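Summary of the model geometry
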Amino acid sequence: MTTMNAPTDSLEVQLFGGFRQFIPNGTLLVEPGEAKTVADLRRQVERAFGDDENALMLLKASAFATDRRVLDDESERLPSDEPLSVLPPVCGG
Amino acid sequence: MTTMNAPTDSLEVQLFGGFRQFIPNGTLLVEPGEAKTVADLRRQVERAFGDDENALMLLKASAFATDRRVLDDESERLPSDEPLSVLPPVCGG
Amino acid sequence: MSTTNMHLAVTDRPLDGNSALEFCSAPGHGAVDLFIGRVRDFNQGRSVVGVSYDLHAALCRNVFAEIAAEALDRWGRETRLWLTHRSGRLDVGEASVVAAASSRHRDEAFKACRYLVEQMKHRAPIWKQEHYVDGDSEWVKGHALCGHG
Amino acid sequence: MSTTNMHLAVTDRPLDGNSALEFCSAPGHGAVDLFIGRVRDFNQGRSVVGVSYDLHAALCRNVFAEIAAEALDRWGRETRLWLTHRSGRLDVGEASVVAAASSRHRDEAFKACRYLVEQMKHRAPIWKQEHYVDGDSEWVKGHALCGHG
């Protein structure tokens, strides 16, 4: 992952479940850059996965969330100062 | 209960639940006499309660049973050599 | 009555949920549902201090066996079942009935457990006398076992 | 998270049904239903030796709290609820989730307990990786949290 060498002001995104196949420590650093909405962030994460079809397919089925709630509306402005995460389809129990 | 003094060849019927208000030890002795069917036995038990309206009302809502099954069909011949009982409406749990 | 896959009993000793959870388990079973009925301190507007359960033990065991056999028919022969009911005088909070079912998937476990409880309530020869705070006692009305009740 | 009438948690330590049964009780509660999900030895044709649960702890607690609040709305404020989920690696037979609900009457207890389980499965950020007897491991497919999943 080239993003591992991103500058310290990079946006840190936690990934869970099946994403650990691709990023064992579960942390992805993306350039905040132009990411203003959840949809923007999704594109940044997509870019970080390059052409890894399996990761991209899992991402497609995933939701973004803060520690408080799932960000259903992806046109929503990215919350600042809140940890962000990518949640693949869930299967507790 | 005059039935307490019935001869030893009397038919012993066990009563449960609310019947313990009327017969604390739960055992009623009836003359087997002409009792050939479950319906006959019901009439004998009725007679044993005399004019105790509360007991008769409870009996009306009760079923007869052996230790194995409820005797749904009261035209059925009384099983011999099986303990018989009177079961008022149930409320386990 | 206890077979390899069901434990059915009436007893005058305290009931125990843990034994049911241990019994209703198997390496292939991903789900267990356990129900416990307990004596309440209040019923139909009256303060209850305890309940006495009267039951016809022999017939009870037969009815439990019928109900359990029906549950196995409906939710699979590999389902494991537990149904125990207490007799005698119980204080508020004590368990009167413990029902449990385990199976591969949760839907069967939930449904089989509930089936045991509902059928037991409607069909098992068990009677309940409530004891009230004022010293009075009363036999609780129930479900008639006869067609004309 | 634990309030007077609900206990919600995620933990990497073994789960315990008894604590749930004790918590979900009250003198006015005549019924408690308890569900335990356990690791199965077989899933979709493969022999399983264990399961690793990954979860988003902070969000999980929030989702559990939402689900529990909904259950109280539906089945009454006096209902008592328990929902705990385990994280980390579990062996076959170990409990992954414990849900329980107590209430005055059994219908509410059964329904509230089942609601906790179903909603947790569909909404809580929890993921499961199965480990197979052949040494292979696989993340189990689940329910998408996004509309386009």
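Details of the structure are given in the entry above.
This section reports on the structure supplied with the text. (Residues numbered from 1 in each chain as written. Chains lettered and ligands numbered in written order. Predicted model: local features only at pLDDT ≥ 70, side-chain atom pairs only at ≥ 80, totals over all residues. Heavy atoms only, no water.)

Topic: the interface of chain B and chain C
The criterion, for reference: By definition, residues are in contact when any of their heavy atoms lie within 4.5 Å. Computed with a 1.4 Å rolling probe, the buried area is the accessible surface lost when two parts are put together, summed over both parts. Salt bridges are defined by distance alone: a side-chain nitrogen of Lys or Arg within 4 Å of a carboxyl oxygen of Asp or Glu. N or O atoms within 3.5 Å of each other form a polar contact, as long as, within protein, one can give a hydrogen and the other can take it, and as long as residues adjacent in sequence are counted only when both atoms are side-chain atoms. Strands here mean DSSP runs of E at least two residues long; helices mean DSSP runs of H or I at least four residues long; both are numbered from the N terminus. Classes in brief: Ala, Val, Leu, Ile, Met, Phe, Trp, Tyr, Cys and Pro nonpolar; Asp, Glu, Lys and Arg charged; the others, Gly included, polar.
The interface is formed by 26 residues belonging to chain B together with 29 residues belonging to chain C. Its largest share of buried area at the contact with chain C, chain B owes to V90(B), C91(B) and G93(B), together 33% of the area lost on that side. Applying the counting rule to chain B against chain C returns one salt bridge. In this structure, R20(B) and D54(C) form a salt bridge, with 2.7 Å as the shortest nitrogen-oxygen distance. Run the count over chain B and chain C and you get 14 residue pairs in polar contact (both at pLDDT 80 or more). Elements with a contribution of two residues or more to the side of chain B that touches chain C: β3 (63-65) and β4 (84-87) of chain B. Classifying every residue of the side of chain B that touches chain C by side-chain character gives 10 nonpolar, eight polar and eight charged.

Here's the deal with the relation of the copies chain D and chain C
Heads up, the condition is: Superposition of the copies used a least-squares fit over C-alpha atoms from residues whose pLDDT is at least 70 in both.
Between the two copies, chain D and chain C, the superposition gives an RMSD of 0.0 Å; the rotation angle is 180 degrees and the shift along the axis is 0.0 Å. When the rotation and shift are considered jointly, the pair of chain copies conforms to a two-fold rotation axis. Across chain D, the smallest distance between a C-alpha and the rotation axis is recorded for L34(D), namely 2.5 Å. A shared interface surface links the copies, since 100% of the contact residues of chain D are contact residues in chain C too.

Structural notes on the packing of helix α2 (residues 57-75) of chain D against helix α3 (residues 106-123) of chain D
Residue and element names in this part refer to chain D. Formally: An axis is simply a line fitted to the C-alpha atoms; with a helix, the fit covers only the stretch in contact. Between two such axes, the angle follows the N-to-C directions and lies from 0 to 180 degrees. Angular relationships are summarised with four words: roughly parallel below 35 degrees, roughly antiparallel beyond 145, roughly perpendicular across 65 to 115, and oblique for the angles in between. Should the near helix be turned anticlockwise from the far one by less than a right angle, the crossing is termed left-handed; should it be turned clockwise, right-handed.
Where α2 meets α3, the closest approach of the two axes is 10 Å, and the angle between their N-to-C directions is 150 degrees. Relative to α3, the element α2 lies roughly antiparallel. Considering the relative orientation of α2 and α3, their crossing is right-handed. Residues V63, F64, E66, I67, A68, E70, A71, R74 and W75 of α2 lie in contact with α3, whose contacting residues are E108, K111, A112, Y115, L116, Q119, M120 and R123. Of the residues that constitute the contact of α2 with α3, the class distribution is 10 nonpolar, one polar and six charged.

With respect to the pairing of strand β2 (residues 31-38) of chain D
All names here are of chain D. Heads up, the rule is: Exposure is judged per residue with a 1.4 Å probe applied to protein chains only, and the accessible area is read against the type maximum: over 50% gives exposed, under 20% gives buried, and values in between give partly exposed. By this definition, two strands are paired if DSSP reports at least two bridges between them.
Of all eight residues making up β2, eight are buried, and the element is well covered by its neighbours. Both faces of β2 are covered, namely the face carrying A31, D33, F35 and G37 and the face carrying V32, L34, I36 and R38. Here β2 pairs with strand β7 (residues 95-103) via eight bridges, running antiparallel. Bridge pairing links F35 to A99 in β7.

Here we look at the interface of chain D and chain C
Each side of the interface is counted separately: chain D has 31 residues, and chain C has 31 residues. Summing both sides of the interface, chain D and chain C together bury roughly 2,800 Å²; the carbon and sulfur share of this comes to 50%. The largest per-residue losses of area from chain D upon contact with chain C belong to R38(D), R40(D) and R106(D), which jointly make up 25% of the total buried on that side. Between the two partners, chain D and chain C, sit four salt bridges. Between R114(C) and D107(D) there is a salt bridge, with its nearest N and O atoms 2.8 Å apart. Inspection of the chain D/chain C interface yields 15 residue pairs in polar contact (both at pLDDT 80 or more). For the side of chain D that touches chain C, the secondary structure elements donating two or more residues are α1 (17-23), β2 and α3 of chain D. The element best represented in the side of chain D that touches chain C is α3(D), accounting for nine residues. Looking at the side of chain D that touches chain C, its residues break down into 13 nonpolar, eight polar and 10 charged.

Focus: the sheet that holds β4(B)
Note on sheets: strands pair through backbone hydrogen bonds, and any given pair is parallel or antiparallel. Residues and elements named next belong to chain B. If you trace the four strands from one edge of the open sheet to the other, you get β2-β1-β4-β3, paired in mixed fashion. Every other strand in the sheet has two partners, leaving β2 (27-30) and β3 as the edge strands with one partner each. Between one strand and the next, the sheet's axes are offset by a mean angle of 30 degrees, whatever the strand orientation. Strand direction decides the pairing type here: strand β1 (residues 11-15) and β4, joined by three bridges, are parallel. Looking across to β4, one finds that V13 is bridged to L84.

Description of the sheet that holds strand β4 (residues 84-87) of chain A
All names here are of chain A. The strand order across the open sheet formed by four strands is β2-β1-β4-β3, and the pairing between neighbours is mixed. Taken across any chain shown, the strands that pair with only one partner, and hence form the sheet edges, are β2 (27-30) and β3 (63-65). On average, each strand axis in the sheet is inclined to that of its neighbour by 30 degrees, with strand direction left out of account. In this fold helix α1 (residues 38-48) packs onto β1 (11-15), β2, β3 and β4, with an angle of close to 105 degrees to the strand it touches most, β2.

Describing the state of the cysteines
Working definition: the covalent bond between the sulfur atoms of two cysteines is a disulfide. Applicable threshold: The definition used for a disulfide is geometric: two cysteine sulfur atoms within 2.5 Å.
Across all of its chains, the model carries zero disulfides over all chains by this definition. The thiol sulfur of C24(C) is not disulfide-bonded, and the nearest other cysteine sulfur, from C113(C), lies at 8.4 Å. Unpaired in this structure, C60(D) has its nearest cysteine sulfur neighbour in C91(A), at a distance of 12 Å.

Observations concerning the environment of M57(A)
All names here are of chain A. Along the polypeptide, M57 turns up in helix α2 (residues 53-60). Residue M57 is classed as exposed on the basis of its relative accessible area of 59%. Sequence separation between M57 and E46 is 11 residues; the distance between their C-alpha atoms is 9.8 Å.

Here we look at the packing of helix α3 (residues 106-123) of chain C against α3(D)
Direction vectors running N to C along α3(C) and α3(D) enclose 180 degrees, while the axes themselves pass 12 Å from each other. One way to sum up the angle between α3(C) and α3(D) is to call them roughly antiparallel. Residue-level inspection shows R106(C), D107(C), F110(C), C113(C), R114(C), V117(C), E118(C), K121(C) and H122(C) of α3(C) in contact with α3(D), the latter providing R106(D), D107(D), F110(D), C113(D), R114(D), V117(D), E118(D), K121(D) and H122(D).

Re the packing of aromatic side chains
Threshold: Between rings of Phe, Tyr and Trp, where Trp is taken as its six-membered ring, a pair exists when centres lie within 6.5 Å; planes separated by under 30 degrees are stacked, by over 60 edge-to-face, and by other angles tilted. Should the NZ of a Lys or the CZ of an Arg lie within 6 Å of a ring centre and within 35 degrees of the ring normal, that charge is described as sitting over the ring.
Counted under the stated rule, the structure contains 12 aromatic pairs over all chains. Pairing F19(A) with F49(A) gives two aromatic rings, centres 5.8 Å apart and planes at 15 degrees, and the pair type is stacked. Here F19(A) is found in the loop between β1 and β2, whereas its partner F49(A) is found in the loop between α1 and α2, with 30 residues between them in sequence. Each member of the pair, F19(A) as well as F49(A), carries the same accessibility label: buried. Through a chain of ring-to-ring contacts, the aromatic side chains of F19(A), F22(A) and F49(A) assemble into a single cluster. R46(C) extends its terminal NZ or CZ atom over the ring of Y132(C), reaching a point 3.8 Å from the ring centre.

In short, the description is geometric, and any link to function would need to be established separately.
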